[in-house]
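Structural features, examined
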Amino acid sequence: MDKLNNNLMDDDQEGYTRSDSYNSKRIDSIANHYGQILADLGEDPSREGLIKTPERVAKALQFLTQGYSIKPDDILRSAMFKEEYSQMVVVKDIEVYSMCEHHMLPFFGKAHVAYIPNGHIVGLSKIPRVVDAYARRLQVQERLTNEIRDCIQNTLEPMGVAVVMECKHLCMSMRGVQKQNSVTTTSAFTGAFKNEKTRAEFLRLITASLD
C-alpha cells in the first residue's frame, strides 16, 4: 500500500500495531468520482469551499472502512494468555461507529461484550479493537453483532460469548421515518450464555452502575 506522509501509528504494549494509512491511487479515484457527484447535486466543485472536498471525503471513507484490511482474529491472537480463570469477563460501553451499507450513513452507539474463559484470556484492549475492526466496514448492525461474537468464540474457544449492541442510525433519524430518538438493540450469544441464568447475570452487569 502506498502510504502518505501523515500516517498515524498507534503501538500498544501487547504486540498489535494499528496503522492509519491512505492508498494514494484509491484516494485519487474516489475523489474523482466525488467531484462528479458534487456536480450532479447541482454544486460547483471548483468553488473555494469545495475544491478539496472530494479528497477529504475519499480520505474519510478510506479511514471509515479500514476494517477491510484488518484481521480481527490476529488482534486476539496477539495477546492471548494461558490463565485458569473461568468466571465472566465483561467489557461494556465500547463506543461503536460504523456505516450503514444501505445508505452509507453512520450508525453509532455502544457494544457490551463478555466471554467466559476456557484456559485462555485475552488482553482487554483487544476486545474493543475487534469491535472497531468489524465496525470500520460497510455494515448492518445485525451482522456486526454476529461477527464480533463469532470472532471471539472461534479464536479464544471460550465457554461462551455474549454481545449486545445499542445503536442510533442516521438513516432512520435524518431521512426515512425521521425518528431521532429510536435505538436499535441487537444481541448474540454462544455456549454458556444460552443458559438463562448466565445470560441474566451478563445483562445485569452491563446495566449496573459503579457509582
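Now for a description of the structure that goes with this document.

Rules behind the numbers
- Residues numbered from 1 in each chain as written.
- Predicted model: local features only at pLDDT ≥ 70, side-chain atom pairs only at ≥ 80, totals over all residues.
- Heavy atoms only, no water.
- Axes fitted to C-alpha atoms, helices over the stretch in contact; angles between N-to-C directions.
- Helix = DSSP H or I, 4+ residues; strand = E, 2+ residues; numbered from the N terminus.
- Parallel < 35°, antiparallel > 145°, perpendicular 65-115°, else oblique.
- Left-handed = near helix turned anticlockwise from the far one by under 90°.
- Contact = heavy atoms within 4.5 Å.
- Nonpolar A, V, L, I, M, F, W, Y, C, P; charged D, E, K, R; others polar.
- Core = buried A, V, L, I, M, F, W, Y, C linked by side-chain atoms within 4.5 Å.
- Buried < 20%, exposed > 50% of the residue type's maximum accessible area, 1.4 Å probe, protein only.

Some words on the packing of helix H4 (residues 126-135) against helix H5 (residues 141-156)
- At their nearest, the axes of H4 and H5 sit 10 Å apart, and the two run at 135° to each other. Here H4 lies oblique to H5, going by the angle between them. Every pair of crossing elements has a handedness; the one defined by H4 and H5 is right-handed. Every residue of H5 that contacts H4 at Val130, Val131, Tyr134 and Ala135 is listed here: Leu144, Glu147, Ile148 and Cys151.
- Of the residues that constitute the contact of H4 with H5, the class distribution is seven nonpolar, no polar and one charged.

Structural notes on the nonpolar core
- Val96, Val113, Tyr115, Leu144, Ile148 and Ile152 are the most contacted members of the largest nonpolar core, which totals 29 residues.
- Here this core gets six residues from one element, more than from any other, and that element is H4.
- When neighbours within four sequence positions are excluded, Ile148 is seen to be in contact with Val113, Val131, Tyr134, Val163 and Met165.
- Residues Met88, Ile116, Phe189 and Phe193 belong to the second largest nonpolar core, which totals nine residues.

Notes on H4
- Within H4, eight of the 10 residues are buried, which leaves the element mostly enclosed by the surrounding structure.
- Where H4 is concerned, the buried positions are Lys126, Ile127, Arg129, Val130, Val131, Ala133, Tyr134 and Ala135.

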